[in-house]
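Residue strings, one per chain:
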Amino acid sequence: MNTNPADVLVLAQGGGAVTAITDFLAAWPDMWPSLWLGTQDTIYMVLWATVFSVLFGLPLGVLLVATDKGGLIPAPAVRAVLGAIVNIGRSLPFIVLMVAVLSLTRFLVGTTLGPTAAIVPLSIGAIPFFARLVETSLREVDRGVVEAAHAMGTRKLTIVGKVMLPEAMPGLIAGLVMTVVTLISYSAMAGAIGGGGLGDLAIREGYQRFNDHYLWATVILLIVIVQVAQSVGDLLVRRLSRS
């Protein structure tokens, strides 16, 4: 019986893949305690960085729109300064930003290592990103609605809180989801300088110790976290769009 060498190679490769998957599943129970801790640290970093991104990025985005020409409080000089700050924040690669703010991180939290320290560069990187998304969402609000509220003598702050933000809510939620997904990828990069989380686990256990099982596991968990965040966000956007 003649055997095709190509068929033998395919079978060998298939058997190798099955063996790799079997070994990975067998190693999962031993890896899970570290993976669970890394997942908790990642969620902790992303959650708090998201909170700070909203607290600072939302008003910054509102100011970018309000101070623009034709806005509620036109101030071209202020708009130019704010725009420059946002542009600078968005132009820096995150890995460079993490190193650049090490001194600030140490001043604020007393250390540059761990998930709490990573929240500082994560927030600084995400605030200008979210601010631009807020600006884009607010610009999509029907100007006629805003002008009508203004003509009725409504206070400018009330127009923002009662008209502009509610009208832009689906876009704001979509922007927030995009920010969360970006923060998840940033948190993985934070592991490069000891930021903790799944990224740190992938580098220490996976890359430095040549353990592919940890690399696969961290990738899988990061994908799961992103999919959950995206699915929840999409559900909220659909419900708000129908309301």
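For clarity, every value in this text was computed on a predicted model and none was experimentally measured. (Residues numbered from 1 in each chain as written. Predicted model: local features only at pLDDT ≥ 70, side-chain atom pairs only at ≥ 80, totals over all residues. Heavy atoms only, no water.)

*Asks:* Outline the overall build of the chain, supporting the account with residue identities and numerical values.
*Replies:* When helices and strands are counted, the chain shows ten helices and zero strands. At 23 Å, the chain has a C-alpha radius of gyration far larger than the 18 Å of a compact globule built from 243 residues. Here the chain, with 243 residues, has 38% of them falling under the buried criterion. Taking all contacts inside the chain whose residues are at least 6 apart in sequence as the whole, residues at least 24 apart take part in 73%. (Helix = DSSP H or I, 4+ residues; strand = E, 2+ residues; numbered from the N terminus. Rg over C-alpha atoms; globule rule 2.2 N^0.38 Å. Buried < 20%, exposed > 50% of the residue type's maximum accessible area, 1.4 Å probe, protein only. Contact = heavy atoms within 4.5 Å.)

*Asks:* Give me the confidence of the model for the chain: which residues, what numbers.
*Replies:* Summary statistics for the chain give a mean pLDDT of 85 and a share of 93% for residues scoring 70 or more. Within the chain, the element-level pLDDT minimum falls on helix H6 (residues 143–151), averaging 77, and the maximum on helix H5 (residues 115–139), averaging 92. (pLDDT = per-residue confidence, 0-100.)

*Asks:* Could you give an account of the nonpolar core, with specific residues and numbers?
*Replies:* Counting residues in each nonpolar core, the largest one holds 27 residues, and the members touching the most others are Met31, Leu35, Phe94, Leu122, Leu183 and Ile184. Ranked by residue count, the leading element in this core is helix H1 (residues 5–66), at seven residues. Residue contacts for leucine 183: discarding those within four places in its chain leaves Val46, Ala49, Thr50, Ser53, Leu122 and Ala126. (Core = buried A, V, L, I, M, F, W, Y, C linked by side-chain atoms within 4.5 Å.)

*Asks:* So what about the packing of aromatic side chains? Which residues, and what values?
*Replies:* Under the counting rule described, the total for this entry stands at three aromatic pairs. Here tryptophan 32 and tryptophan 36 contribute two aromatic rings whose centre-to-centre distance is 5.8 Å and whose plane-to-plane angle is 25 degrees, an arrangement assigned as stacked. Taken as a pair, tryptophan 32 and tryptophan 36 lie in helix H1 at a separation of four residues, close to a single helical turn. Since its relative accessible area comes to 35%, tryptophan 32 is described here as partly exposed. Owing to a relative accessible area of 42%, tryptophan 36 belongs among the partly exposed residues under this scheme. (Phe/Tyr/Trp six-rings, centres within 6.5 Å; stacked < 30°, edge-to-face > 60°.)

*Asks:* So what's going on with the pattern of salt bridges? Residues and values would help.
*Replies:* Evaluated as defined, the whole model comprises six salt bridges. The partner of aspartate 200 in a salt bridge is arginine 204, with the nearest N and O atoms 2.7 Å apart. Taken as a pair, aspartate 200 and arginine 204 lie in helix H9 (residues 197–207) at a separation of four residues, close to a single helical turn. With a relative accessible area of 12%, aspartate 200 lands in the buried category. For arginine 204, a relative accessible area of 37% corresponds to the partly exposed category. (Salt bridge = Lys/Arg side-chain N within 4 Å of Asp/Glu carboxyl O.)

*Asks:* Explain H9 to me, and be specific about the residues and the numbers.
*Replies:* Of all eleven residues making up H9, eight are buried, and the element is well covered by its neighbours. Taken together, the buried positions of H9 are Gly197, Leu198, Gly199, Asp200, Leu201, Ala202, Glu205 and Gly206.

*Asks:* Summarise the packing of helix H2 (residues 76–91) against H5; cite the residues concerned and give the values.
*Replies:* Where H2 contacts H5, the axes come no closer than 8 Å and their chain directions differ by 130 degrees. Considering their axes alone, H2 and H5 lie oblique with respect to each other. Together, Arg79, Gly83, Val86, Asn87, Gly89 and Arg90 of H2 and Pro128, Phe129, Arg132, Glu135 and Arg139 of H5 make up the contact between the two elements. Here the contact of H2 with H5 is built from residues that sort into three nonpolar, three polar and five charged. (Axes fitted to C-alpha atoms, helices over the stretch in contact; angles between N-to-C directions. Parallel < 35°, antiparallel > 145°, perpendicular 65-115°, else oblique. Nonpolar A, V, L, I, M, F, W, Y, C, P; charged D, E, K, R; others polar.)

*Asks:* Could you give an account of the packing of H5 against helix H8 (residues 169–190), with specific residues and numbers?
*Replies:* At their nearest, the axes of H5 and H8 sit 9 Å apart, and the two run at 155 degrees to each other. Judged on the interaxial angle alone, H8 and H5 are roughly antiparallel. H8 is crossed by H5, and the crossing has right-handed handedness. Judged by residue contacts, Ala118, Leu122, Gly125, Ala126, Phe129, Phe130, Leu133, Val134 and Ser137 of H5 engage Gly171, Leu172, Gly175, Leu176, Met178, Thr179, Thr182, Leu183, Tyr186, Ser187 and Ala190 from H8. Looking at the contact of H5 with H8, its residues break down into 13 nonpolar, seven polar and no charged. (Left-handed = near helix turned anticlockwise from the far one by under 90°.)

*Asks:* An account of the side chain of serine 53 is requested, with residue identities and associated values reported.
*Replies:* Counting through the fold element by element, serine 53 comes out in helix H1. Among the residues examined, serine 53 registers a relative accessible area of 1% and is labelled buried.

*Asks:* Explain the environment of glycine 83 to me, using residue names and the numbers behind them.
*Replies:* Tracing the backbone through its elements, the reader meets glycine 83 in helix H2. When its relative accessible area of 4% is taken as the criterion, glycine 83 is described as buried. Along the chain, glycine 83 and serine 34 lie 49 residues apart, while their C-alpha atoms are 42 Å from each other. Each residue touching glycine 83, except ones within four places of it in the same chain, is listed here: Leu64 and Arg132.

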